[in-house]
Amino acid sequence: MLARRTLGRIASQPNALGAAPTTARNMATLREIELRLKSVRNIEKITKSMKMIASTKMTKAQRAMQAGKQYGLANAELFEHATAEDAGKRTLFIVVSSDKGLCGGIHSSVTKATRREFAEKDKVAEDSPIMVIGDKSKAQLSRLLPKNLVMSFNQIGRDIPTFADAAGVADLILTSGVTYDKIAIVYNKFVSAISYEPAVIEVESEALLKESSGFRAYEQEDDVTRDLAEFSLANAIFAALVEGHACEQSARRNAMDNASKNAGDMINRLTLQYNRGRQAAITNELVDIITGASAL
């Protein structure tokens, strides 16, 4: 009986040094968990919406990619019969990316592929120029290879790329005054709906076309060769743009799907933590009530 009275007096005394009661601390923690749950649920709604939008865009992008691949096949057939005998090492690299993020490491893949090309000293000259389509890879290459970056393009391929976009880029490249021996287009190659890989398309310049054995066998005017070189470059850029756009939408869909799954897992963990905290608060209140009743 004496022990019960002593416990009752201790329970009725205020906490030392003004410390908050256990119930108050639990309520504050529960409030924080509740707010975090609300924010994670909102994020999950956004990522699910972005996944649905990317899925719709990916279907359209794949149809455009199948049509755009014909341009690349035509270029490949042309260069098979117009191989240059001796090409220089000064290569113009055209890196194809985009202005938007939230699509995994798709922009880093073309940046790393460009760095690997420059790492091969016997293949590429150190002062080879780089032109970038898209702000994401531009930001990366401006830190890694700032001296080689000579030109960049943005606001291209916001929707499905068109041949007019590729022709405009090709015209600006040819009129830029940058000297090079050959052209290499670095882009993302579509493998499947869940995978892609960096690839390189080589495009021969006007000078190499003139020197090739297939072209020297026929008499051609300079304007014809110049127009053919510009058209071939536009073809290759267009094929790389549409395939890169399909890879971007596919990667964005996969990234948003993974983000939605991670948000769901976090919601489950926070809900479990919230329920445990609430149960602990209820248990503490019951202990206080029982202790007070026993002290009477």
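Rules used throughout
- Residues numbered from 1 in each chain as written.
- Predicted model: local features only at pLDDT ≥ 70, side-chain atom pairs only at ≥ 80, totals over all residues.
- Heavy atoms only, no water.
- Core = buried A, V, L, I, M, F, W, Y, C linked by side-chain atoms within 4.5 Å.
- Buried < 20%, exposed > 50% of the residue type's maximum accessible area, 1.4 Å probe, protein only.
- Helix = DSSP H or I, 4+ residues; strand = E, 2+ residues; numbered from the N terminus.
- Contact = heavy atoms within 4.5 Å.
- Polar contact = N/O pair within 3.5 Å; in protein donor to acceptor, adjacent residues only side chain to side chain.
- Pairing = 2+ DSSP bridges.
- Axes fitted to C-alpha atoms, helices over the stretch in contact; angles between N-to-C directions.
- Expected span 1.5 Å × (residues − 1).
- pLDDT = per-residue confidence, 0-100.
- Salt bridge = Lys/Arg side-chain N within 4 Å of Asp/Glu carboxyl O.

Considering the nonpolar core
Item 1. Judged by nonpolar contacts, the single largest core of 28 residues is most densely connected at Ile94, Ile133, Ile173, Ile183, Ile185, Leu233 and Ile237.
Item 2. Where this core is concerned, the elements lending two or more residues are strand 1 (91–96), strand 2 (130–133), helix 5 (163–174), strand 4 (182–192), strand 5 (195–204) and helix 8 (222–295).
Item 3. Dropping the residues within four chain positions of it, Ile183 is found in contact with Thr91, Leu92, Ile94, Ile201, Glu202, Val203 and Leu233.
Item 4. Grouped together as the second largest cluster of nonpolar side chains are twelve residues, Val95, Val110, Ala113 and Ile130 included.

Description of the environment of Ser260
Item 1. By the element assignment, Ser260 lies in helix 8.
Item 2. The class for Ser260 is buried, based on a relative accessible area of 8%.
Item 3. Residue contacts for Ser260: discarding those within four places in its chain leaves Glu44, Thr47 and Lys48.
Item 4. Here Thr47 takes part through its side chain, which lies 3.0 Å from a polar atom of the side chain of Ser260.

What to know about the pairing of strand 5
Item 1. One ladder, built from ten bridges, connects strand 4 with strand 5; its direction is antiparallel. Residue pairing for strand 5: Ile183 is matched across the bridge by Val203.
Item 2. Remark: two residues form the turn of the hairpin made by strand 4 and strand 5, two consecutive strands paired antiparallel.

Overview of the sheet that holds strand 4
Item 1. Read across the open sheet, the five strands follow the order 3-2-1-4-5; overall the sheet is mixed. In this open sheet, the two edge strands, each paired with only one partner strand, are strand 3 (149–153) and strand 5. Between one strand axis and the next, the sheet turns by 25° as a mean value, whatever way the strands run.
Item 2. With five bridges connecting them, strand 1 and strand 4 associate as parallel partners. Directly across from Leu92, in strand 4, lies its bridge partner Ile183.
Item 3. Across the face of the sheet, helix 4 (residues 135–144) comes into contact with strand 1, strand 2 and strand 3 while running at roughly 150° to strand 2.
Item 4. Against the sheet, helix 5 contacts strand 1, strand 2 and strand 3, and its axis sits at roughly 155° relative to strand 3.

Let's talk about the side chain of Glu243
Item 1. Its place among the elements puts Glu243 in helix 8.
Item 2. The class of Glu243 is buried, set by a relative accessible area of 6%.
Item 3. Those residues in contact with Glu243, other than ones at most four positions away along the chain, are Met65, Lys69, Tyr187, Asn188, Lys189 and Phe190.

Quick notes on the environment of Asn235
Item 1. Tracing the chain through its elements places Asn235 in helix 8.
Item 2. Taking the relative accessible area as the measure of exposure, Asn235 reaches 4% and is therefore buried.
Item 3. Remark: the alpha-carbon pair of Asn235 and Ala167, spanning 68 residues in sequence, is separated by 8.0 Å.

Structural notes on helix 3 (residues 106–119)
Item 1. Over its 14 residues, helix 3 extends 21 Å from the first C-alpha to the last, a length consistent with the 20 Å expected when each residue adds 1.5 Å.
Item 2. Turning to helix 3, its buried residues number three or more, namely Ile106, His107, Ser109, Val110, Thr111, Ala113, Thr114, Glu117 and Phe118.

So, the confidence of the model for the chain
Item 1. Averaged over every residue, the pLDDT of the chain is 83; residues scoring 70 or more account for 84%.
Item 2. Mean pLDDT across the elements of the chain bottoms out in helix 1 (residues 2–12) (41) and peaks in strand 2 (94).
Item 3. Every residue in residues 1–20 is under pLDDT 50, and counting partners more than four places away or in other chains gives seven contacts.

A look at unusual backbone geometry
Item 1. Even without a glycine there, the phi angle at Leu102 is positive, about 60°.
Item 2. Note that Leu102 resides in the loop between strand 1 and helix 3.
Item 3. Positive phi outside glycine occurs at Gln155, with the angle close to 60°.
Item 4. By secondary structure assignment, the location of Gln155 is in the loop between strand 3 and helix 5.

Concerning the pattern of salt bridges
Item 1. Within the structure shown, the criterion is met by seven salt bridges.
Item 2. In this structure, Lys51 engages Asp257 in a salt bridge whose closest nitrogen and oxygen atoms are separated by 3.1 Å. Of this pair, Lys51 sits in helix 2 (residues 22–80) while Asp257 sits in helix 8, and the two are 206 residues apart along the sequence.
Item 3. According to the relative accessible area criterion, Lys51 is partly exposed, its value standing at 25%.
Item 4. Linking Arg252 and Glu248 is a salt bridge whose minimum nitrogen-to-oxygen distance equals 3.0 Å. Here the residue Arg252 and the residue Glu248 both occupy positions in helix 8, the gap between them amounting to four residues, near one helical turn.

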